[in-house]
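Overview (structure and organization)
Each chain is listed here by its residues.
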Amino acid sequence: MPAETLVHILRDNYTEAKVRGKKSFLLERQQLYSLAEFRTQTEILGFLADGPYGPELSKLQESSSPVEVERAVRMSFARSVKNLISTAKGGVKQFLVEYNRRFDAYDLAALVLYKSQGKSWEEYLATRLPLGIMNEKELHRLYSVEDLETLTSVVGDEDLAARLEGIKLEGLTPDKASLVRDIFNGWGEERFYGFISEKLGGRDKKSCLPIVGSSIDLLNLSIMLRSKLIGISDIQTHLVPIQWKLDRKAIIQLASSEDLALALDRLAGLRYYRKFLSGARQRYEETKSLSFLELFIRMHMLELSKEILLGFPYTMGIELAFLVLKENEARNLAAVVSGVGAGLKPEQIRPLVAA
Amino acid sequence: MVDAIVWASIGISLAVFLSVIGAALGISIAAPAIAAAGTERPEIVSKSLIATILAEALAIYGLVVGLLSIFKLPAAGAAALSSDSGFRLFFGGTIMGVASIAAGFGIGTSGGALASATAEKPELFSRVVVPLILAEALAIYAFVAALLLVLQA
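Cut-off values and rules
Residues numbered from 1 in each chain as written. Chains lettered and ligands numbered in written order. Predicted model: local features only at pLDDT ≥ 70, side-chain atom pairs only at ≥ 80, totals over all residues. Contact = placed C-beta atoms within 7 Å. Helix = DSSP H or I, 4+ residues; strand = E, 2+ residues; numbered from the N terminus. Nonpolar A, V, L, I, M, F, W, Y, C, P; charged D, E, K, R; others polar. Expected span 1.5 Å × (residues − 1). Bend = angle between axes of the 7 residues up to and from the residue. Axes fitted to C-alpha atoms, helices over the stretch in contact; angles between N-to-C directions. Parallel < 35°, antiparallel > 145°, perpendicular 65-115°, else oblique. Core = buried A, V, L, I, M, F, W, Y, C linked by C-beta atoms within 7 Å. Buried ≥ 20, exposed ≤ 12 C-beta atoms within 10 Å, placed from the backbone. Left-handed = near helix turned anticlockwise from the far one by under 90°.

A few words now on the interface of chain A and chain B. At the interface, 13 residues of chain A touch 17 residues of chain B. Of all the secondary-structure elements, those providing two or more residues to the side of chain A that touches chain B are helix 1 (3–11) and helix 2 (13–23) of chain A. If one sorts the elements of the side of chain A that touches chain B by residue count, helix 2 of chain A sits on top with nine residues. The class makeup of the residues in the side of chain A that touches chain B is five nonpolar, three polar and five charged.

Now the structure itself:
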């Protein structure tokens with residue numbers, strides 16, 4: 001028996017049993033669809049009150065806005081992450097701390113988006129998850145920074161600065177802001193990928209890399225497509241320099257596509273991602289937006305996570321797969337709550353749910 | 001030449017000592033998983049405790065083999081123990097002790113897995129408990145063999 005498996009059996013079985021227990025409370029697709037049929041937010045809160053979201057949702061008032069409910073749902077996810085970190089030991093703890101560091105990238109991405117939309121610090125703070133290593137004070141200071149160069153120099157990563165070169169914070173259009181978000185998120189995933197490939201080995205590495213590698217591939221795809229949409233010519237400078245299943249040849253082929261439609265058609269030829277991306281062009285033509293990509297990425301991550309959870313039980317992939325499912329559930333619930341709050345019909349909400 | 005009573009005493013010590021280690025191993029592997037599963041689903045704790053009970057039984061098997069072996073030892077000043085009996089007691093204790101460690105590891109890992117599986121799907125309990133019982137059966141085989149050896153000594 002490999003030493004890492006023995007370590008998981010002897011030391012990490014507390015965390016792994018906890019993960020299995022928490023997983024049993026994840027909402028199934030049918031439950032999410034049923035929630036989409038509720039007429040009011042109060043009914044949804046009543047349904048969720050007895051589950052893992054209870055502690056956060058019980059603090060809400062009947063008059064709470066969908067934004068407050070969304071935040072409560074996301075806070076519950078943050079509590080799960082913190083809870084797992086506090087119970088884990090040794091290598092698993094370090095792994096979860098690294099997972100948590102990814103949220104720094106999310107924080108910075110959201111910071112740029114909020115600033116570009118002219119929103120206040122308070123509005124940004126109200127939606128921020130208390131995860132990541134950067135504290136509120138540090139982020140508050142960054143919120144007053146007016147250019148991306150300074151922002152990236154504070155983070156201290158030259159590669160990130162190079163990927164954001166030529167993009168200005170002022171006058172950022174929604175598409176460009178989404179591109180910046182993807183670049184930041186890609187940077188976060190890159191750091192996590194680096195940790196997994198350097199510090200983990202054996203089954204741990206083998207189980208975690210597909211999730212993080214695919215995430216980088218799909219963020220690279222998103223960066224390429226958004227760059228095409230905006231009309232940026234030097235696409236490759238913005239990409240994360242890591243490839244999982246999206247090889248160099250495919251990247252060059254996609255980057256050299258004359259227009260977005262051709263690039264979307266070429267996506268269908270990517271063997272590993274064909275299942276999710278084969279309908280990309282149709283979805284784009286229906287919505288005239290690339291926001292469907294996020295849903296596709298989540299669907300792919302879900303499938304990978306479910307496979308890992310059914311596989312060998314003594315790896316760090318189990319913790320990662322659970323966290324992917326939990327994060328996705330929080331996003332699904334947030335989509336359902338805002339959909340119901342906005343008075344959308346169930347059939348309009350269902351396509352927003354990745355389950 | 002080592003006296004037969006020394007062999008017998010070593011056998012008794014191994015039976016008790018290694019069985020206790022096996023039991024401790026089983027409990028220390030299974031119990032954290034049971035406790036963790038209990039934090040999420042308190043209702044499964046009492047059922048999952050079967051793993052720790054079965055692990056504890058290993059120490060009892062070792063104790064029984066050890067005590068029966070002690071009863072076979074001649075009283076001080078009585079006739080010496082035959083070398084044949086000494087070896088039987090030694091191997092009886094060794095079989096029980098070593099098998100307890102192996103069974104303890106099996107019970108611990110399958111008990112931990114049982115706790116995880118029932119935390120995720122409580123309805124699986126009746127099926128996932130089978131490997132746990134089979135792991136315990138390993139110790140019972142050794143217990144029977146050890147008893148036969150000890151009783152023939």
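We are not done yet, so read on.
Another point: helix 1 (residues 4–40) of chain B. For helix 1 of chain B, which comprises 37 residues, the first-to-last C-alpha distance of 54 Å matches the rise-based estimate of 54 Å (1.5 Å per residue) to within 8%. The largest bend in helix 1 of chain B comes to about 25°, at B:Ala30, with the proline B:Pro32 one to four residues further on.

Time to look at unusual backbone geometry. Within the chain, A:Lys288 stands out as a residue other than glycine whose phi angle is a positive 55°. For A:Lys288, the position within the fold is in the loop between helix 17 (280–287) and helix 18 (292–310).

The next subject is the packing of helix 13 (residues 202–230) of chain A against helix 18 of chain A. All names here are of chain A. Between helix 13 and helix 18, the least distance of the axes is 10 Å, while the angle of their chain directions is 170°. Classified by the angle between their axes, helix 13 and helix 18 sit roughly antiparallel to one another. Residues Ser207, Pro210, Ile211, Ser214, Ser215, Leu218, Ser222 and Leu225 of helix 13 form the contact with helix 18, whose participating residues are Leu293, Ile297, His300, Met301, Leu304, Ser305 and Ile308. When grouped by side-chain class, the residues that make up the contact of helix 13 with helix 18 number nine nonpolar, six polar and no charged.

In terms of nonpolar packing, the biggest core is built from 65 residues, with A:Phe184, A:Ile211, A:Leu320 and A:Ala321 touching the most fellow members. In terms of residue count, helix 13 of chain A provides more of this core than any other element does, 10 residues in total. The contacts of A:Leu320, once residues within four sequence positions are left out, are A:Tyr99, A:Cys208 and A:Ile211. B:Trp7, B:Ala57, B:Leu89 and B:Leu114 belong to the second-largest nonpolar core, a separate cluster that totals 55 residues.

Each packed pair of helices is defined by two parameters, the angle between the axes and the distance between the axes. Residues and elements named next belong to chain A. One can describe the packing of helix 12 (residues 174–199) onto helix 13 by two numbers: an axis separation of 9 Å at closest approach and a directional angle of 160°. Comparing their axes, helix 13 and helix 12 come out roughly antiparallel. The two elements helix 12 and helix 13 meet at a crossing, and its hand is left-handed. Its residues placed into classes, the contact of helix 12 with helix 13 shows 13 nonpolar, nine polar and seven charged.

All names here are of chain A. Structurally, the position occupied by Leu254 is in helix 14 (residues 248–255). By the C-beta count within 10 Å, which is 22 here, Leu254 ends up buried. Spatially, the C-alpha atoms of Leu254 and Pro346 are 36 Å apart, while their sequence positions differ by 92 residues. If we skip the residues at most four places from it in the chain, Leu254 touches Met224, Ala263 and Arg266.

Residues and elements named next belong to chain B. In this fold, Tyr61 is placed in helix 3 (residues 50–72). Judged by the 26 C-beta atoms lying within 10 Å of it, Tyr61 is buried. Considered as a pair, Tyr61 and Ala142 are 81 residues apart in the sequence and their alpha carbons are 9.3 Å apart. Beyond its immediate sequence surroundings of up to four residues, Tyr61 is in contact with Ser19, Met96, Ser100, Ala139 and Phe143.

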